[in-house]
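Survey of secondary and tertiary structure
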Amino acid sequence: MRIQEGGTDRLRALFTCGAHRIAQLTLRAGEELPEHRAPHHLFLCVWSGELEWTAGDERVRLKRGDYTSLPPGLSHAVRALEDSTALLVLFADGSDVDKR
C-alpha cells in the first residue's frame, strides 16, 4: 500500500515527514485491503466501526479504541465488518524515532 499526498477515498494522507506517514483509513462495510506487506513499522488504531485484521495466521476483530502494530514485512489484510475509520501510522525503520 502506498500513501500519496491527498490520498484516495480509502486512504487520506494527514501528515508526511520523510518516509514516515500518518493517514486516515476509511472503509465501508465489506470493503477490504487485500493481503499485502508494508516495508515499514505499522500502527493502526480504530476510530469508529469494526475491522477484521489478519496478520500471518492471526485474525482479530478491532473495534473503536482498539489498536495493533506490526513489524516491517509481515503480510496482513484488513476488512471492514461495518463502516469504519482508523488512524494508520507508518514509521520507516525506527532509526530516527525518539526512543526516550
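Higher on the page you've got the structure.
Residues numbered from 1 in each chain as written. Predicted model: local features only at pLDDT ≥ 70, side-chain atom pairs only at ≥ 80, totals over all residues. Heavy atoms only, no water.

**As for the overall build of the protein**
Our working definition: Helix and strand labels come from DSSP, where a helix needs a run of H or I of at least four residues and a strand needs a run of E of at least two; each type is numbered from the N terminus. In this scheme, a residue with accessible area under 20% of its type's maximum is buried, one over 50% is exposed, and one in between is partly exposed, where area comes from a 1.4 Å probe on protein chains only. Whether two residues are in contact is decided by their heavy atoms, any of which lying within 4.5 Å being enough. Computed with the Shrake-Rupley method and a 1.4 Å probe, the accessible areas treat only the protein chains shown as cover for residues.
In terms of regular secondary structure, the protein is built from 0 helices and 9 strands. Overall, the protein shows an N-to-C arrangement of helices and strands of β-β-β-β-β-β-β-β-β. Split into buried and exposed, the 100 residues of the protein put 40% on the buried side. Across the protein, every contact between residues at least 6 apart in sequence was considered, and the portion connecting residues at least 24 apart equals 62%. Looking at the protein as shown, the accessible area adds up to about 6,300 Å², and 48% of this sits on carbon and sulfur atoms.

**Thoughts on the pairing of strand β2 (residues 20-27)**
As a general feature of sheets, a regular strand has side chains that alternate between the two faces. Spelled out, the test is: Any two strands with at least two DSSP bridges between them are considered paired.
In the sheet, strand β1 (residues 11-17) pairs with β2 via 6 bridges, with the strands oriented antiparallel. Within β2, the position partnered with L11 by the bridge is L25. Connecting the antiparallel pair β1 and β2 is a turn made up of 2 residues, with G18 showing a positive phi of about 60°.

**Here's the deal with the environment of R79**
On the secondary structure map, R79 appears in strand β8 (residues 76-80). Distance in space between the C-alpha atoms of R79 and T54 is 8.5 Å, their sequence separation being 25 residues. If near-sequence neighbours (up to four positions away) are discounted, R79 is found in contact with G30, E31, E32, E50, L51 and E52.

**What about the pattern of salt bridges?**
A side chain of one charge can pair with a side chain of the opposite charge when the charged atoms of the two come close. Quick note on the threshold: Salt bridges are defined by distance alone: a side-chain nitrogen of Lys or Arg within 4 Å of a carboxyl oxygen of Asp or Glu.
Per the stated rule, a full pass over the model turns up 4 salt bridges. The salt bridge partner of R59 is E52, with a shortest N-O separation of 4.0 Å. Of the residues examined, E52 reaches a relative accessible area of 13% and is grouped as buried. Two residues, R79 and E52, come together in a salt bridge whose shortest N-O distance is 3.2 Å. Here the residue R79 occupies a position in strand β8, and E52 occupies one in strand β5 (residues 50-55), the gap between them amounting to 27 residues. Taken together, the salt bridges that share partners define one network made up of E52, R59 and R79.

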